[in-house]
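So the chains spell out like this:
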Amino acid sequence: MMQPIISFQQYSFKYKNQSEPTLKDITLDIYPGEKIWIAGPSGSGKSTLAHCINGLIPFTYGGDIRGRLSIAGRNPAELSIFELSRTVGTILQDQDSQFVGLSVAEDVAFVMENKAMPREQMKRETSASLERVGMLDYIDHSPYELSGGQKQSVSLAGVLSTDAEVLLFDEPLANLDPAGGRKAMQLIDDIHRQGGKTVIIIEHRVEDVLQQPIDRIVLMKDGGIEAVGTPDEILASGLLRGCGLRPPLYVDALRYAGVSLDGVQGLSRPQPLGIPGLGERLDGWSEQAAAGAPSQPAEPLLDVRGLTFGYEPGQPVLKDVSLLVGAGEIVALLGNNGAGKSTLSQLITGILKPQSGSMRYAGQDMASWSIRRRGEAIGYVMQNPNRMITQHMIADEVGLGLKVRGVPAAEIKERVAGVLQTCGLYPFRNWPVSALSYGQKKRLSIAAILVLAPKLMILDEPTAGQDYRHYQEFMDFIEQLAGQGIAFLLITHDMYLALEYARRAVVLSGGEVLAADTVASVLSRPEVTEPAHLKETSLSLFAKANDLASPERFVQAFINAEKKGKKGHE
Amino acid sequence: MKKSIFQLNTRTVVTIGIGAALYGATSFIGIPVGPDTSLRPAIALLAIFGALFGPVVGFIAGLIGHVLNDLLTSGTVWWGWALGSGITAAFMGLIYLSKGFDPQNGTYKGKHIGLFIVYGVVGIILSLLFSGWFDITFMGEPSDKLLVQVTAASISNIVVFLVLGVPAVIGFARRNAKVSNLSVNE
Amino acid sequence: MNRTGSLYVTGNSLFHRLDGAVKLVLFMAWTVMTYMFLDLRVFVLMLVVGIALLVTAGIPFKKMAFLFWLMIIFTVLNGIFILLITPTFGTRLTGTDTPLIQLGYNTINAETLFYVLTLSAKYLTLLPITILCIFTTQPSAFAGSLNRIGVPYKIAYAVSIALRYIPDLTEEFRSTLNSMQARGMGITKEDGSIAQRLRNLAAVVVPVLQSALHRIDSVTNAMELRGFGTQKKRTWYSGKEMEGLDWTLAVLGVLLLAVGIWLKVQVLKGFWYPF
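Everything numeric in this text was worked out from a predicted model, so none of it was measured. Along each chain, the written sequence defines residue order, and numbers are assigned to residues from 1. Think of it this way: whatever chain is written first is A, whatever ligand is written first is 1, and the rest follow in order. The predicted nature of this model means local features are confined to residues of pLDDT at least 70 and side-chain atom pairs, given and counted, to a pLDDT of 80 or more, with totals for whole chains, interfaces and linings taken over all residues. Side-chain descriptors were evaluated using all non-hydrogen atoms of the structure, hydrogens and water having been removed beforehand.

1. A few points about the overall build of chain A
Put simply, the rule reads: By definition, any uninterrupted DSSP run of H or I lasting at least four residues is a helix, any uninterrupted run of E lasting at least two residues is a strand, and each is numbered from the N terminus. The reference for a compact globule is 2.2 Å times residues^0.38; the radius of gyration itself is calculated from the C-alpha atoms. The buried label applies to any residue whose accessible area, calculated with a 1.4 Å probe on protein chains only, is under 20% of its type's maximum; exposed applies above 50%, and partly exposed to all values in between. Just so you know, the count uses Lys and Arg for positive and Asp and Glu for negative, and it drops His and the chain ends. Throughout, a charge is located at the NZ atom of Lys, the CZ atom of Arg, the CG atom of Asp or the CD atom of Glu.
Per the secondary structure count, chain A includes 25 helices and 19 strands. Its C-alpha atoms give chain A a radius of gyration of 25 Å, near enough to 25 Å, the size a compact globule of 570 residues would have. Oriented by its inertia axes, the alpha-carbon framework of chain A measures out at about 70 × 60 × 55 Å. Looking at chain A as a whole, 59% of its 570 residues are labelled buried. Where the 56 positive side-chain charges of chain A centre and where its 66 negative ones centre are 5 Å apart.

2. Structural notes on the UniProt feature "transmembrane region" (unreviewed entry) in chain B
Residues and elements named next belong to chain B. Note the threshold: UniProt positions are given in the numbering used here, feature names are shortened, and annotations may be inferred rather than shown by experiment.
Those residues carrying the UniProt feature "transmembrane region" (unreviewed entry) are residues 12-31, 43-65, 77-97, 113-134 and 146-173 in this numbering. The span residues 12-31 shows a helical share of 75% and a strand share of 5%, and its end C-alpha atoms are spaced 31 Å apart. Structurally, residues 77-97 comprises 67% helix and 0% strand, and the distance from its first C-alpha atom to its last is 31 Å.

3. Looking at the interface of chain C and chain B
As a reminder, the rule being used: Contacts between residues were defined by any pair of non-hydrogen atoms, one from each residue, lying within 4.5 Å. Put simply, buried area is the surface a 1.4 Å probe can reach on two separate parts but cannot reach once they are joined, added for both. Should a side-chain nitrogen of Lys or Arg be within 4 Å of a carboxyl oxygen of Asp or Glu, the pair is scored as a salt bridge. For the purposes of these results, a polar contact is taken to be a pair of N or O atoms within 3.5 Å, where, inside protein, one atom must be able to donate a hydrogen and its partner to accept one; residues adjacent in sequence count only when each atom of the pair is a side-chain atom.
Across the contact, 64 residues belong to chain C and 56 residues belong to chain B. Overall, the association of chain C and chain B removes approximately 5,600 Å² of surface from exposure, summing both partners, and the carbon and sulfur fraction of that is 79%. At the junction of chain C with chain B, the criterion picks out two salt bridges. Ionic pairing is found between Asp 217 of chain C and Arg 11 of chain B, a salt bridge with its closest N-O pair at 2.7 Å. Joining chain C to chain B, the criterion identifies 11 residue pairs in polar contact (both at pLDDT 80 or more). Of all the secondary structure elements, the ones that give two or more residues to the side of chain C that touches chain B are α2 (20-36), α4 (61-85), α5 (89-94), α6 (110-136), α8 (153-182) and α9 (194-225) of chain C.

4. Remarks on the packing of aromatic side chains
All names here are of chain A. Rules: Two rings from Phe, Tyr or Trp (for Trp, the six-membered ring) form a pair when their centres are within 6.5 Å of each other. A pair whose planes differ by under 30 degrees is stacked, one over 60 is edge-to-face, and the rest are tilted.
According to the stated counting rule, one finds 37 aromatic pairs over all chains in the structure shown. With a centroid separation of 5.8 Å and 65° between ring planes, the pair formed by Tyr 361 and Trp 369 is classed as edge-to-face. Owing to a relative accessible area of 9%, Tyr 361 belongs among the buried residues under this scheme. For the ring pair Tyr 468 and Tyr 471, a centre distance of 6.1 Å and an interplane angle of 45° mean the geometry is tilted. Highlighted residues: Tyr 468 and Tyr 471, both in helix α20 (residues 468-483), separated by three residues, approximately one helical turn. For the pair formed by Tyr 468 and Tyr 471, the shared burial category is buried.

5. Re the environment of Ile 81 of chain A
With respect to the helices, strands and loops of the structure, Ile 81 of chain A is situated in helix α3 (residues 81-85). Along the primary structure Ile 81 of chain A and Ile 57 of chain A are separated by 24 residues, whereas in three dimensions their C-alpha atoms are 9.0 Å apart.

6. Focus on the pairing of strand β9 (residues 224-229) of chain A
Residue and element names in this part refer to chain A. Here is the rule: Here a strand pair is declared whenever DSSP counts at least two bridges between the two strands.
As paired strands, strand β8 (residues 216-221) and β9 are joined by five bridges and run antiparallel to one another. Across the sheet, Val 218 pairs through a bridge with Val 228, a residue of β9. Counted between consecutive antiparallel strands, the loop separating β8 from β9 contains two residues, among which Asp 222 sits at a positive phi close to 50°.

7. Some thoughts on the interface of chain B and chain A
This is how it is decided: Ten residue types, Ala, Val, Leu, Ile, Met, Phe, Trp, Tyr, Cys and Pro, are classed as nonpolar, four, Asp, Glu, Lys and Arg, as charged, and the remainder, Gly among them, as polar.
Of the residues lining the interface, eight residues belong to chain B; the matching set on chain A comes to 13 residues. Together, the buried faces of chain B and chain A total about 980 Å²; carbon and sulfur atoms form 56% of this surface. Counting across the chain B and chain A interface gives zero salt bridges. Applying the counting rule to chain B against chain A returns zero residue pairs in polar contact (both at pLDDT 80 or more). Residues of the side of chain B that touches chain A, tallied by class, amount to three nonpolar, two polar and three charged.

8. Some remarks on the sheet that holds β8 of chain A
Residue and element names in this part refer to chain A. Rule in force here: Under this scheme, a helix contributes an axis fitted over its contacting stretch, all axes are lines through C-alpha atoms, and angles between N-to-C directions fall in the 0 to 180 degree range.
Spatially, β5-β6-β7-β3-β8-β9 is the arrangement adopted by the six strands of the open sheet, whose pairing is mixed. The two strands at the open ends of the sheet, each matched to only one other strand, are β5 (88-91) and β9. Between one strand axis and the next, the sheet turns through 20° on average, direction left out of account.

9. Examining the pattern of salt bridges
All chains considered together, the criterion is met by 36 salt bridges over all chains. Where Asp 107 of chain A meets Arg 226 of chain C, a salt bridge forms, and the shortest distance between an N and an O atom there is 3.1 Å. Of this pair, Asp 107 of chain A sits in helix α5 (residues 104-108) while Arg 226 of chain C sits in the loop between α9 and α10 (244-266), placing the two residues on different chains. Per residue, the accessibility class of Asp 107 of chain A equals that of Arg 226 of chain C, and both read buried.

This is the structure in structure tokens:
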């Protein structure tokens, strides 16, 4: 019997400042050469488990440890964080924090520099490491010239240079677009195969991780291990949802269509399943479920026509962009980093001025509107609520926008109370901001804009950094606001978000609109998804693999079934 | 628990680096209030970094931040004023040495705020006098003219310190104070 | 400044090839030299040498023009300021008084005018060497060079971190400002009185600081996990070994400085006024 390289035995951990343990009675053996995925929602303890493996616990974060942990046969508490890093190499979630060097080469060489390795040897090993992750061509680039995925590859090269036996990836997909995520998983798999490394991936995005083979899934919930098994076992068990994770969309579609999944093999990827009669059955279901009255086009609220903008003449960042958002409509603005999404939102909010084109809001020309006036009609909400919240108390934060506009105190109080009620924050109105959870802060950042009574809100990556449950809670809240007549423009590269919540999608790539159509149609077209670094949805891939009559209809059927399911819950 | 101010561990190195970067990143912005004088938030950040991490971190971060910003945006290092930024931050950081002052854990008393203001104002005036002296001695600038400059800069820096720096530190401490007994009011 | 936050321009001039530490030595020698004198002849000589070096470095003038303009605007304003506040300052240096331009309250004399000219030349003299250093040195070579001339490596690395994160934090600060502005809490004239704008600015500082502190945590973790600070010594990927040319120029720089000190002490003691 092989010795496990990492072994937790009845292991518990409690952070210094907390009253409850974050990890409870963990028993888990990981063997050399395995590829393990530790899955779970935020707060499940998966990041804490990662800290225990790479030594941040106990060396940076102190606390009470019960039980035993051994890594490569030794107790990490008796080593130093650096000694441990020779066995466990960590690739952190935040690529910008991990990338401390001023150039690619320097960042890869960081560990060698710290070991005071002679320069000649360092140069050789750096090149060799970069070669392994396919980044040698970028050796002199600065981090600002790289995408998130490329920065991550560089971090991986840095870790590979240490010859650590275990590679630990902490939410490797968190900041990547779908195409970047696919490449990252591919690279991790290549390294795993070629180097015989033990790979541990901490993630909550199910479909994206499963693009490549996984040996075992460790499912975590509330600080304990809920289940351990192969992907097929876990997917068929239906446990994912209970753990706040999103099963692959096609697995849900199969459930909606009433297909039994017991003992079905090959669920981990969208591929032919070999269930007799599956095609006809799903086609029948699609035809029935996809039907529905075509929605009435909403009255145009924001009408952007022929917008062109560039920082330097002759180099437009946006070319002839047109976009329509109807009253109370949720529209997704999809596209890769650098496609011009944030430039477009800055043009709409008035931070930037277009070189040509027009913008009308409820029929009025906005050209002469000040940033402030636009802010009252069109709210802009940043991705990270912590970057918008400036006040100590919740009610002050919400009232701030009114206060600077000279609204009388009594009216402020009334409007703040109303908005807090809408956002479900009224019970906490006397709390300091710091007592709120991330999801609540997210709502607070919406409330602070909502109080100005805009008819349209631009949400920048509204669901980034949230697990499925929080994501769903938040977006259901947004949908509810849309029901009250507020329109939303979601700037995102999250396709599920668009698929489930937006009525239409506008795809931007290279500063131009590639497509503007229903989400199901846009995301079933590879000629649109590829240049925009999106992926064809797993639903559409699954439909094609199983020879369904119309992938688009299958996608639409799924969307309708989801909506119906949601209504059923309410 | 507060660490010794001279211990140069990884966290201290990063804090100095990020503090200096923050100083550089916020230097480009300011509200102009007169010729050659504007209210810049950068001085408030020095106050905050001093208060949170002590005089040594404050001094080095202020100095590095100022020098790098000069290099990237003005083509010359104004050594007198760069050292002045460091000295200002070091003075403001003296509050870090007071017993019972720990904004990271939300603990401070009224007297700390008074002391912080005294340290800050004294630090600003002394450091600008130093910068002025430096320019008179090494650049050969006329002392009368520098007196005018130092006075104007002192006033604008003190205003920024009082309006931005002090409230930010208090706000930060309040934010980090342990909250208990929160009740939900339906 | 470009997106990467550095002003580096690729090239293969003498200055490009020179070791960063040598450039720092030359930079310091030049700065001390300039600080010592108040003599137009010295500055003219240094300016000629400096500009000649700049020309050979092949940095496109367009890229450095803004620094020249900044400095010229600064020296002109500074000069006017001096002439208005202390119109007869030159007399203190020369002991003579040659009235020239009538101001209502006082008279600008020729001595002060010449003094202002000298002072402006002094400021301008500082410019070429700084431009040479920042345009021909890759930012990544900077920290290693500091370390080589004796700055402890941990402090040198703090400089590297600052350079690394200035662009990121600038971007963050800018986007936070933008979102505040859309809420009506910007810092432009449109947003109200100076007091109100100052309050708005104070509000922006909070999230920016919060995010910087968060960044400190994650960068610290990343560096700890990769063994920063575990050894007494550290090597640097960027940079090169010192060669003959480097030594020659470093020694030359120090020698010239020594000559300068001798000149200052023995010959050009004070303010040079030819008339």
